[in-house]
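What follows is the residue order along each chain.
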Amino acid sequence: MMKRIALVGFGLLAGSIASALKQAKRPTVIRAVSSPATLARARELELADEFFEYAQVEEWSRDCDLILLCGPILHILKTIDALSHVKWAKEAALSNGGAGKDCVAGSNGANSIDAKLNGAACLVSDIGSTKVEICRAGSKLPAPFKFVGSHPMAGSEKRTCEFNDPAIFENAYWFVCPPEGTEESVYAKLLDLVKFLGATPVVFPPEHHDRTMAWVSHMPQMLSSTLAASIPDRLLSHNYQHYAGRAFRDMTRIAASGWAMWHDIAVTNRDETVRALTEVRDGVNTTIEAMQKLDVVKDGRPAGNDNSDSLEEIFKAGNEGRASLFAPGRNAAAAFFEITVPLKDKPGALLSVLQPLAEEGLNIRDIELMKVRENVAGTLLIAFKTEDEAARAVKLLRYLGYEVKER
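All values reported here derive from a predicted model rather than from experimental measurement.

Caption draft 1: Spotlight on the packing of helix 15 (residues 349-359) against helix 16 (residues 387-399). Following both chains from N to C, one finds helix 15 and helix 16 inclined at 125 degrees, their axes separated by 10 Å at the closest point. One way to sum up the angle between helix 15 and helix 16 is to call them oblique. The interaxial crossing formed by helix 15 with helix 16 has right-handed handedness. From helix 15, Val 353, Pro 356 and Leu 357 reach across to helix 16, where they touch Ala 393, Leu 396 and Leu 397.

Caption draft 2: Spotlight on the nonpolar core. Within the largest apolar cluster, 36 residues are counted, with the highest numbers of intra-cluster contacts made by Ile 5, Leu 7, Phe 10, Ile 17, Phe 169, Trp 174 and Leu 193. Of all the secondary structure elements, the ones that give two or more residues to this core are strand 1 (4-8), helix 1 (12-23), strand 2 (29-34), helix 2 (36-44), strand 4 (66-69), strand 7 (173-177) and helix 8 (188-196). With seven residues, the top contributor of residues to this core is helix 1. Dropping the residues within four chain positions of it, Trp 174 is found in contact with Ile 17, Ile 127, Ser 150, His 151, Pro 152, Phe 169, Val 194, Leu 197, Ala 199, Thr 200, Pro 201 and Val 202. Among the nonpolar cores identified, the runner-up in size contains 29 residues, and Val 86, Val 124, Cys 135 and Phe 147 belong to it.

Caption draft 3: Structural view of the confidence of the model for the protein. Averaged over all residues, the pLDDT of the protein is 89; the fraction at 70 or higher stands at 89%. Scored below 50 in pLDDT, residues 99-119 makes 58 contacts in the model with residues more than four places away or belonging to other chains.

Caption draft 4: Molecular detail of the packing of aromatic side chains. All told, the structure shown has four aromatic pairs when counted by the stated rule. Measuring from centroid to centroid gives 5.2 Å for Phe 175 and Phe 204, while their planes differ by 40 degrees, and the two rings are tilted. Of this pair, Phe 175 sits in strand 7 while Phe 204 sits in the loop between strand 8 (200-203) and helix 9 (206-229), and the two are 29 residues apart along the sequence. A residue is classified by how much of its surface remains accessible, and Phe 204, at 24% relative accessible area, is partly exposed. For the pair Tyr 240 and Tyr 243, a centre-to-centre distance of 6.1 Å together with 40 degrees between the ring planes defines the contact as tilted. A relative accessible area of 67% means that Tyr 243 is categorised as exposed. The ring centre of Phe 196 lies 4.1 Å from the NZ or CZ of Arg 26, which sits over that ring. Above the face of the Phe 51 ring, Arg 43 is positioned so that its terminal group lies 4.1 Å from the ring centre.

Scoring rules and cut-offs
Residues numbered from 1 in each chain as written. Predicted model: local features only at pLDDT ≥ 70, side-chain atom pairs only at ≥ 80, totals over all residues. Heavy atoms only, no water. Axes fitted to C-alpha atoms, helices over the stretch in contact; angles between N-to-C directions. Helix = DSSP H or I, 4+ residues; strand = E, 2+ residues; numbered from the N terminus. Parallel < 35°, antiparallel > 145°, perpendicular 65-115°, else oblique. Left-handed = near helix turned anticlockwise from the far one by under 90°. Contact = heavy atoms within 4.5 Å. Core = buried A, V, L, I, M, F, W, Y, C linked by side-chain atoms within 4.5 Å. Buried < 20%, exposed > 50% of the residue type's maximum accessible area, 1.4 Å probe, protein only. pLDDT = per-residue confidence, 0-100. Phe/Tyr/Trp six-rings, centres within 6.5 Å; stacked < 30°, edge-to-face > 60°. Lys NZ or Arg CZ within 6 Å of the ring centre and 35° of its normal.

Here is the structure:
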């Protein structure tokens, strides 16, 4: 059990971790490290027990079981540098013949120091979206620090601690990237925290993390931004972009993301993201070639053989690629059990579905309103943690006259 955790950069995710610990009444002292304005808000929300500004690194870095760096990537790197210069750590190392008293941590190769500390309790980690550069910097921390990078696949468009959500990590993947050869006991407290928060820990080398995220996160963001930025003037000059259907809106949703966070990701995972973009560009070129081979309809008459085989193969490969995202046992989010409910276009339609579920004590884990058109029924997608909850919801809503389908 952790006695004290320092959350450095007290935004949405740090606030959510603190909220979960408080809600569970865990006997862990929560140390908030942030700007004066954010600390004042955290104090009002009673999310922490101790409050320090960033510059007070000599104070907030002491006596922690876990120091979790929760700011933007470049701020994390700056904080790692600050930790490498704390005076108390240097003094402790000198007075103990190279071993510190306050934290269990150590640079790579500090096995003798770790042995002297004999399992004392501290670790430095982070929640940054890229890992290679952060882990490289963390590995250079002197004794008594030991760095093990991490990255939870969770978040929101909200950024501040007042929007904290103790369930935000529920069912999310949380990558943990220890240096090669590191014993699990070194980062056991981090794994315990991840599991307590309801996330699924994935132990991954930093290089594998960045290569994977380049494809499933960083490249899609660049594509989405590029797609939205490339709407041609022939549409914009007539405001025709307003006729975009759900496909275009879904594909450009993340184009609304802020630049600051993505700047840090771009400059710390450039090569792998460019590699992923190049691979997609090759795929787009293949699709263009397949389209150009088509014998198209002319004068209302289809071609006898339209040469669409190549394009069909691309669609089939796309079907398989999409399905692979939800292979049983492979996707943490797939653990949700989903149902859909048609809604009428009238005031109170949403409440008429959700209120009975709440009165029945059914906890909704995710919700999405799909296929919304004026004067036309929409479809409500509701997700539950367990199959039993989903089954109870189906039974209740069908009793109330709704045409419910299980996904």
